[in-house]
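Structure at a glance
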Amino acid sequence: MEEMNVPPISPAPEAEGQRIDLTEFAQKIQLLRDRIAQVIVGQRLTVDLILTAILADGHVLIEGVPGVAKTLLARTIARLIDTKFSRVQFTPDLMPSDVVGTTVFNMKTSEFEFHPGPVFADVVLVDEINRAPAKTQAALFEVMEERQVTIDGTTHSMGDVYTILATQNPVEQEGTYKLPEAQTDRFLMKITMGYPTLDEEVQVLERHHTNSRLTRLEDVKPVISRQELLQLRQLLQRVYVEPSLLRYIAAIVQQTRQSKAVFLGASPRASVAMLQASKAFALLSGRDFVTPEDIKFVTPSILQHRLILTAEAEMEGHTPLKVTQRLIDKVEVPK
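The notes below deal with the structure included here.

About the cut-offs
Along every chain, residues carry numbers that run from 1 in the direction the sequence is written. Local features are withheld for residues below a pLDDT of 70 in this predicted model, meaning they are given only at 70 or higher, and side-chain atom pairs are given and counted only at 80 or more; totals for whole chains, interfaces and linings count all residues. The side-chain quantities take in all heavy atoms of the structure and omit both hydrogens and water. Only DSSP runs of H or I covering at least 4 residues are called helices, and only runs of E covering at least 2 are called strands; the numbering of each starts at the N terminus. Put simply, the radius of gyration uses C-alpha atoms, and a globule should come to 2.2 Å times the residue count raised to 0.38. Burial status follows relative accessibility: with a 1.4 Å probe on protein chains alone, a residue under 20% of its type maximum counts as buried, one over 50% as exposed, and anything between as partly exposed. Contacts are assigned to residue pairs with any non-hydrogen atoms lying within 4.5 Å of each other. Each accessible area value is a Shrake-Rupley result obtained with a 1.4 Å probe; residue values ignore everything except the protein chains displayed when judging cover. At least two bridges found by DSSP between two strands is the condition for calling them paired. Note on terminology: a nonpolar core comprises buried Ala, Val, Leu, Ile, Met, Phe, Trp, Tyr and Cys residues joined through side-chain atoms within 4.5 Å. Two rings from Phe, Tyr or Trp (for Trp, the six-membered ring) form a pair when their centres are within 6.5 Å of each other. A pair whose planes differ by under 30 degrees is stacked, one over 60 is edge-to-face, and the rest are tilted. Lysine and arginine charges are scored as sitting over a ring when NZ or CZ, respectively, is within 6 Å of the ring centre and within 35 degrees of the ring normal. Between N-to-C directions, angles cover 0 to 180 degrees, with each direction set by a line fitted to C-alpha atoms, over the stretch in contact for helices. The scheme is simple: roughly parallel for angles under 35 degrees, roughly antiparallel for over 145, roughly perpendicular for 65 to 115, oblique for anything else. We call a crossing left-handed when the near helix sits turned anticlockwise from the far one by less than a right angle, and right-handed when that turn is clockwise. Whenever a carboxyl oxygen of Asp or Glu lies within 4 Å of a side-chain nitrogen of Lys or Arg, that contact is scored as a salt bridge.

1. Some words on the overall build of the protein
When you go through the protein residue by residue, the secondary structure sums to 14 helices and 13 strands. The C-alpha radius of gyration computed for the protein amounts to 21 Å, which stays within 12% of the reference 20 Å derived for 335 residues, consistent with globular compactness. Taken along the three principal axes of its C-alpha coordinates, the protein extends 70 × 50 × 45 Å. Here the protein, with 335 residues, has 49% of them falling under the buried criterion. Pairs at least 24 apart in sequence give 79% of the contacts found in the protein among residues at least 6 apart. Entry remark: accessible area of the protein is about 16,800 Å², with carbon and sulfur atoms responsible for 52%.

This is the structure:
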């Protein structure tokens, strides 16, 4: 796994105003990273991206081949946050009512009662989201964007920290249904989990061989409360962003709409996602101001699932991730 290049901590601009005391915040984040490392070997870049997305109040799509611990990582992070957690395994025969819930007639009271589905939690793990048919995937549309579900004309609101962590396999095509563009756009990030390095895989084998260094998921205790997470999210409003960086974000998104390799470019939702995620990553890096490096770090995961390439670009072997990186490099970095 490639090591993350963390932007250097430098003095904040004078226009920033009052500084934010990040001491307690940094301790919480480091504790989260340490606890995750007890269960997951390596994947530092992936962990930081997921923490960034959760801090930025966004949903995450985790893609990777079977066996790279996608589900384990998602469940571990969910257990470290002291909120209600639920998991739903998407299958080809899963119905929308199995996800959002259904209304049942109670013979004793002669009234209809609503039985909530697994989406009624604070952190929801949707395993193998591309294995369910389109009508079941569509059941998540409203809840992902508006944090509410409307069933039989009644609207049910979700909590303040509502987050969906979804996984999918990129290689198994049989029995899968591709997510529509309108739904992938609702994910703040699409994060690709790769294979571990040689040294990391040796560590995995050592843990399983000795069995003494394995940390069971059941033994993982929360390290951050619901209220603390909300307080951390409120800090985003105080992170300073120079006007030139706002234009930098807009210029990158504009490139996706002008590139000859891209059939469908990123929407304004992507611009907002880049802003929020870069502010969140700045906090994770111990700063209360955004740098161009923050934007460069989060942008590939925000744009890769929002771009549709032209047939010519795909035939030439280009991928959305490679095209995204090339478009980022074309935009001049603010001084």
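Don't stop here, the text continues.
2. Quick look at the pairing of strand β6 (residues 123-127)
Of all 5 residues making up β6, 5 are buried, and the element is well covered by its neighbours. Direction of pairing for β6 relative to strand β9 (residues 163-168): parallel, over a ladder of 4 bridges. Bridge pairing in β9 places V123 opposite T163.

3. Description of the pairing of strand β4 (residues 101-106)
Pairing geometry for β4 and strand β5 (residues 111-116), over 6 bridges, is antiparallel. Of the residues in β5, the one forming a bridge with G101 is P116. Linkage of β4 to β5, two consecutive antiparallel strands, is achieved through a turn of 4 residues, within which S110 is found at a positive phi near 60°.

4. Side note on the nonpolar core
Residues F25 and M189 are the most contacted members of the largest nonpolar core, which totals 74 residues. It is helix α11 (residues 268-284) that contributes the most residues to this core, 9 residues altogether. Excluding its chain neighbours within four sequence positions, the residues that come into contact with M189 are L49, T52, A53, H59, V60, L61, A277, V298, S301, I302 and H305.

5. A few points about the packing of aromatic side chains
What describes a pair of aromatic rings is the distance from one ring centre to the other and the angle between the planes of the rings. Scanning the entire structure with this criterion turns up 1 aromatic pair. When the ring of F281 is compared with that of F297, the centres are 4.2 Å apart and the planes differ by 25°; the resulting orientation is stacked. In this pair, F281 is assigned in helix α11 and F297 in helix α12 (residues 292-303), connecting sequence segments 16 residues apart. For the pair formed by F281 and F297, the shared burial category is buried. Directly above the ring of F141 sits R186, whose terminal nitrogen or CZ lies 4.9 Å from the centroid.

6. A closer look at the sheet that holds β9
Spatially, 5 strands are ordered β3-β6-β9-β1-β10 in an open sheet, and the strand pairing comes out parallel. Only two strands of the sheet have a single partner each, and these edge strands are β3 (85-89) and β10 (189-192). Direction aside, the axes of adjacent strands within the sheet are offset by 20° on average. Sheet strands touched by helix α2 (residues 44-55): β1 (60-63), β9 and β10. Its angle to β10, the strand with the most contacts, is close to 165°.

7. Side note on unusual backbone geometry
The phi torsion at Q43 lies on the positive side, around 55°, for a residue other than glycine. Structurally, the position occupied by Q43 is in the loop between α1 (23-39) and α2. For R147, which is not glycine, the phi torsion reads 55° and is therefore positive. If you trace the backbone, R147 turns up in the loop between α6 (141-146) and β7 (148-151).

8. Section: the packing of α12 against helix α14 (residues 320-330)
Closest axis-to-axis distance for the α12/α14 pair is 9 Å, and the angle between their directions is 140°. Taken together, the axes of α12 and α14 are oblique relative to one another. The way α12 lies across α14 gives a crossing that is right-handed. Listed contacts from α14 to K296, T299, P300 and L303 of α12 are L321, T324, Q325 and I328.

9. Some thoughts on the pattern of salt bridges
Taken as a whole, this structure holds 12 salt bridges when the rule is applied. R87 serves as the salt-bridge partner of D127, at 2.7 Å between the closest nitrogen and oxygen. Of the two residues, D127 sits in strand β6 while R87 sits in strand β3, which places them 40 residues apart along the sequence. Residue class for R87 comes out partly exposed when judged on its relative accessible area of 39%. The salt bridge partner of R269 is D185, with a shortest N-O separation of 2.5 Å. Of this pair, R269 sits in helix α11 while D185 sits in the loop between α7 (181-184) and β10, placing them 84 residues apart in sequence. The class of R269 is partly exposed, set by a relative accessible area of 31%.

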